[in-house]
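Close look at the chain arrangement
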Amino acid sequence: MKTRVSELLGTKYPIIQGGMAWIAEHHLAAAVSEAGGLGLIGAANAPAEVVRQEIRKVRERTEKPFGVNIMLLSPYADEVAQVVWEEKVPVVTTGAGNPEKYMETWKSAGIRVIPVVASVALARRMERYGADAVVAEGCEAGGHIGEQTTMTLLPQVVDAVEIPVIGAGGVGDGRGMAAMFLLGAEGVQIGTRFVVSDEAVVHENYKNRIVDAKDIDSVVTGRSHGHPVRTLRNQNTREYLELEKEGAPFEELEKLTLGSLRRAVQEGDVKNGSVMAGQIAGLIRKRQSCAEIIQELVSETKTLLKGAERWEE
C-alpha cells in the first residue's frame, strides 16, 4: 500500500499510530512499527530523559521506523526536541503549538517532521518552514481537538499544500481509512482503535470502556477556556460541564482534570478519570493485536477502494 506517506516514513503501510499521552509508550510504538505502520512515543509532559529511555526501548524491540510526538505546550518541549535530535529519531510529529523554532535543527539530522494541524493557515505555514507532511486532524478525534470536522478540514488542507497530507479524527476501520484517501489524504493517523490493542499498556477498565461505548458517549469539555478536549462521558465530565455552565474559573476546572488521564489509563478509574477517546469509540467492538488491526484496516480499505473504481459513468 504505497503512497508518498509510506515512502516518506519508510513503512509498509501509510498508517501512523497517534501519540497519545500515557498510552503511546514503547510497547505500543514498537508493536505498530513491527506490524508495518509507524509507531509513536507520546512525549506529552514527560521529562526529556524519560523520553530518551522510551526511544531506546523501542529500538530494543524493533529495527523498523518509529517516531516521537512532542506536545509543544509541555514544559520540557525544548529538552525533548534536543533529545530526538541527539537520538536521531526517524520521525517527529508535533501538536498543541508551532514547531518552527526546532525544524531546521531536526531537518539537519535527517528527521522527518510532520506537524498536526487544525487549520489551513497552519498547514501552509508548516509547508513554508519545511515540514515533510502534515496531519490534518478533525474534531472527531480524542484528546485535545480543534473545531473543524475531518470531513471539512482534510480536503481544504489537501487543496492548500503540495506536501502529503495525513487524515486523522474519526478513523476506526477500513471505511474511515478509505474515506480519508478519497478526500485526498495519502495516509491516516489512528489513535482510539490502538488503545484497545493487546500491546497497549492500558488498564482493562479503560479498554473495556471504549469497547462498550455507544455512539453518543463522547463529549467535549474545556470549550469555555479555549482548550477543548474530547473524552467519554462519566462523573468527571458531568461535574466539569456543570462548572463550565456556572462560569467557573479555569483554576477550579483544572483541579478536576489534574492527573485524571493517568488515573484512568494506569489505575482504571473510568468514573473520575479522563477517558480520552475519539467519537469512533462507538464503532470499536473487539480487542486485537496491532498486527491484526493493521491487516484488517488495509484489507478493508483495498476492497472498498477497488469497489469505488468500478463507479463509472
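It should be noted that the structure appears before, not after, this text.
Residues numbered from 1 in each chain as written. Predicted model: local features only at pLDDT ≥ 70, side-chain atom pairs only at ≥ 80, totals over all residues. Heavy atoms only, no water.

The helix and strand inventory of the protein chain stands at 14 helices and 11 strands. The C-alpha atoms of the protein chain give 18 Å as radius of gyration, which agrees with the globular expectation for 313 residues (20 Å, within 12%). Across its three principal directions, the C-alpha atoms of the protein chain cover 50 × 50 × 40 Å. Considering only intrachain contacts with a sequence separation of at least 6, the fraction spanning at least 24 residues in the protein chain is 61%. Total accessible area on the protein chain is roughly 14100 Å²; 50% of this is exposed by carbon and sulfur atoms. Of the charged side chains in the protein chain, 36 are positive and 43 negative; the average position of the first set lies 2 Å away from that of the second. (Helix = DSSP H or I, 4+ residues; strand = E, 2+ residues; numbered from the N terminus. Rg over C-alpha atoms; globule rule 2.2 N^0.38 Å. Contact = heavy atoms within 4.5 Å. Areas by Shrake-Rupley, 256 points an atom, 1.4 Å probe, with all protein chains shown as cover. Lys, Arg positive; Asp, Glu negative; His and termini not counted. Charge placed at Lys NZ, Arg CZ, Asp CG, Glu CD.)

The subject of this paragraph is the sheet that holds strand E11 (residues 229-232). In space, the three strands of this open sheet follow the order E7-E11-E10, with antiparallel pairing throughout. Each edge of the open sheet carries a strand with a single partner, namely strand E7 (143-144) and strand E10 (218-221). As judged from the two bridges shared by E7 and E11, these two strands associate in the antiparallel manner. Within E11, the position partnered with His144 by the bridge is Val229. Sheet strands in contact with helix H11 (residues 235-245) are E10 and E11, and its direction is about 40° off that of E10. (Pairing = 2+ DSSP bridges. Axes fitted to C-alpha atoms, helices over the stretch in contact; angles between N-to-C directions.)

Below, the discussion takes up the packing of helix H6 (residues 120-128) against helix H7 (residues 150-160). It is the contact of H6 with H7, at a shortest axis distance of 9 Å, that shows an interaxial angle of 35°. The handedness of the crossing between H6 and H7 is right-handed. Contacts from Val120, Ala123, Arg124 and Glu127 in H6 reach Leu153, Gln156, Val157 and Ala160 in H7. Looking at side-chain class alone, the contact of H6 with H7 contains five nonpolar, one polar and two charged residues. (Left-handed = near helix turned anticlockwise from the far one by under 90°. Nonpolar A, V, L, I, M, F, W, Y, C, P; charged D, E, K, R; others polar.)

Below, the discussion takes up the sheet that holds strand E5 (residues 112-117). Here we have eight strands laid out as an open sheet, ordered E1-E9-E8-E6-E5-E4-E3-E2, and parallel in their pairing. This sheet does not close on itself; its edge strands, each paired only once, are strand E1 (15-17) and strand E2 (39-42). Here the average twist between neighbouring strands, direction ignored, is 25°. In this structure, strand E6 (residues 134-137) lies alongside strand E8 (residues 165-168), joined through four bridges in parallel fashion. Across the sheet, Val134 pairs through a bridge with Val165, a residue of E8. Running over the sheet, helix H4 (residues 77-86) touches strand E3 (66-71) and strand E4 (91-95) and is turned about 165° from E3. Relative to E5, H6 is tilted by about 165°, and along the sheet it contacts E5 and E6.

By the definition in use, this model includes one aromatic pair. One cation-aromatic arrangement involves Lys88 over Trp85; the distance from NZ or CZ to the ring centre is 4.5 Å. (Phe/Tyr/Trp six-rings, centres within 6.5 Å; stacked < 30°, edge-to-face > 60°. Lys NZ or Arg CZ within 6 Å of the ring centre and 35° of its normal.)

We now examine the nonpolar core. Within the largest apolar cluster, 78 residues are counted, with the highest numbers of intra-cluster contacts made by Ile15 and Tyr206. Beyond its immediate sequence surroundings of up to four residues, Ile15 is in contact with Gly37, Leu38, Met177, Val188, Ile190, Phe194, Ile294, Leu297 and Val298. Grouped together as the second largest cluster of nonpolar side chains are 13 residues, Leu40, Val91, Val116 and Ile166 included. (Core = buried A, V, L, I, M, F, W, Y, C linked by side-chain atoms within 4.5 Å. Buried < 20%, exposed > 50% of the residue type's maximum accessible area, 1.4 Å probe, protein only.)

This paragraph deals with the pattern of salt bridges. In this structure the tally under the stated criterion is 17 salt bridges. Of the charged contacts in the structure, one is a salt bridge between Arg56 and Glu87, with a shortest N-O distance of 2.8 Å. Residue Arg56 is found in helix H3 (residues 48-61), and its partner Glu87 is found in the loop between H4 and E4; the two are separated by 31 residues along the sequence. With its nearest N and O atoms 2.1 Å apart, the salt bridge here joins Glu100 to Arg125. Taken together, the residues span a long stretch of sequence, with Glu100 in helix H5 (residues 100-108) and Arg125 in helix H6 at a distance of 25 residues. When its relative accessible area of 18% is taken as the criterion, Glu100 is described as buried. The network of salt bridges with common partners includes Glu49, Arg52, Arg56, Arg59, Glu86 and Glu87. (Salt bridge = Lys/Arg side-chain N within 4 Å of Asp/Glu carboxyl O.)

The next thing to look at is helix H8 (residues 174-182). The set of residues buried in H8 consists of Gly174, Gly176, Met177, Ala178, Met180 and Phe181. Positioned one or two residues after H8, Gly184 has a phi angle of 110°, which is positive.

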